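Given next are the chains, with one letter for each unit.
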Amino acid sequence: MADVLSQSQIDALLKSMQNSEPEPAAAETKVVEHKPEPEQTKYSRYDFYSPRKFTKEKMKILSSVFENYARIITSQVNGLFRVMTDITVMEVQERRYYEYVNAFHENDCMTLIDATVPEKGKNNVPLMMFITPGLVITLINRMLGGGEDVVKVDSDYRYSDVEVALYRRIVDYFTAALKDGFSNYINIEFKVQRVEENPTMVQELGLDETVAIIHLNVDLAGLAVEKVRICMPGTLLEFIFQMIDSRKHIARGFAYEDNKEIIMDNIRHTLLPVTGQLGTVELDLSDIYHLKVGDVIDLNKPRNSSVKLFVGRQPWFTGQMGVYKKNMAIRIEERTYEVEDPEDAGEEEGEFEPAYYAPDEE
């Protein structure tokens, strides 16, 4: 038996239906917009117990050096080993030496590199470089005639004796390019001292010594990503920055005040064309075409008139034509400083090849 609703119940039911939202159909999908969360600014942690030793300007100089180095070594690796790589600078930061050493495995190889400035001699503390085994083995594979595949190895890979010898060859290329990286600021040479097969035992620096750690990212044809880590001791950096500060505006190791003599030495050995011009004349192409032996071209100048001597395109001297040791020659009489005759100015701005006449067959 059906229940009978009262009028008040019916009104309440209609009111509740009007206030409620309609449910979405089964086929319809409700689109929910996700608002992007605001990005949180990440700040590097600063240790007040060990304050920074080098300013931001100094670190910018170091970043510029290794960005230049990354471009140079990329082109060298691609050309020498026929491997498509893209080497970029990930970060250049001031750290402590233990942060560099703690990242090594027991079987890693680290290269110690001596830095020498021609005027100051060799620095006592070497620079340190580490190349991940995947990059080294890939380059060795290409050196031995392997294919274009990228060789992937474990991070704790142990090199054989032959691979260590080839590893030294590879490091020589990476080391030689360091000089070109620093060439815009200082003239400094780098040479491999030795390859250390257990870098955790190297005691060249104290664990709390200030160093600059440079991370280079090596993209191997988009198939693998390897790393090159370079450690520059603080004493070496102080030595380099001191020389850069004492030689403002240096290019490849020479100060601008010394460039005058260098430029003059180069100019003294420059070859310049010297042309003797007796006169100039204009002829129609048809007249030139019908020239034959015995014809005379009138230069509108006396036979014994002065000859202008051009260096490049500028008149420098005047002189007389003659013979010296059975060769045609010009004896210089005076130097030309200004163009006195306006009509001669038009001749000087034209072509400066000497005009010839066709001599008799006798």
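What you are looking at is a predicted structure, and each value in this text was computed from that prediction instead of being measured.

1. Describing the layout of surface pockets
Line of reasoning, step 1. Here the second largest pocket defines a volume of roughly 380 Å³.
Line of reasoning, step 2. Those elements giving two or more residues to the lining of the second largest pocket turn out to be α2 (56-81) and β1 (85-96).

2. Some points on the side chain of T210
Line of reasoning, step 1. Checked against the element boundaries, T210 lands in strand β6 (residues 210-220).
Line of reasoning, step 2. Judged by relative accessible area, which is 8%, T210 ranks as buried.
Line of reasoning, step 3. Of note is the side chain of T210, whose polar atom sits 2.5 Å from the side chain of R96.

3. Regarding the sheet that holds strand β10 (residues 314-324)
Line of reasoning, step 1. The strand order across the open sheet formed by four strands is β8-β9-β10-β11, and the pairing between neighbours is antiparallel. Two strands in the sheet have a free side with no partner beyond their single neighbour: β8 (274-277) and β11 (327-335). Mean inter-strand twist for the sheet, computed between neighbouring axes without regard to direction, equals 40°.
Line of reasoning, step 2. In the sheet, strand β9 (residues 307-311) pairs with β10 via five bridges, with the strands oriented antiparallel. Looking across to β10, one finds that F310 is bridged to P315.

Scoring rules and cut-offs
- Residues numbered from 1 in each chain as written.
- Predicted model: local features only at pLDDT ≥ 70, side-chain atom pairs only at ≥ 80, totals over all residues.
- Heavy atoms only, no water.
- 1 Å grid on protein atoms, 1.4 Å probe; cavity = no way out; pocket = protein on both sides within 12 Å on 5 of 7 lines; lining within 4 Å.
- Points joined across faces, edges and corners; volume = space filled by probe spheres on them.
- Helix = DSSP H or I, 4+ residues; strand = E, 2+ residues; numbered from the N terminus.
- Buried < 20%, exposed > 50% of the residue type's maximum accessible area, 1.4 Å probe, protein only.
- Polar contact = N/O pair within 3.5 Å; in protein donor to acceptor, adjacent residues only side chain to side chain.
- Pairing = 2+ DSSP bridges.
- Axes fitted to C-alpha atoms, helices over the stretch in contact; angles between N-to-C directions.

Distances and angles like these do not, on their own, reveal function.
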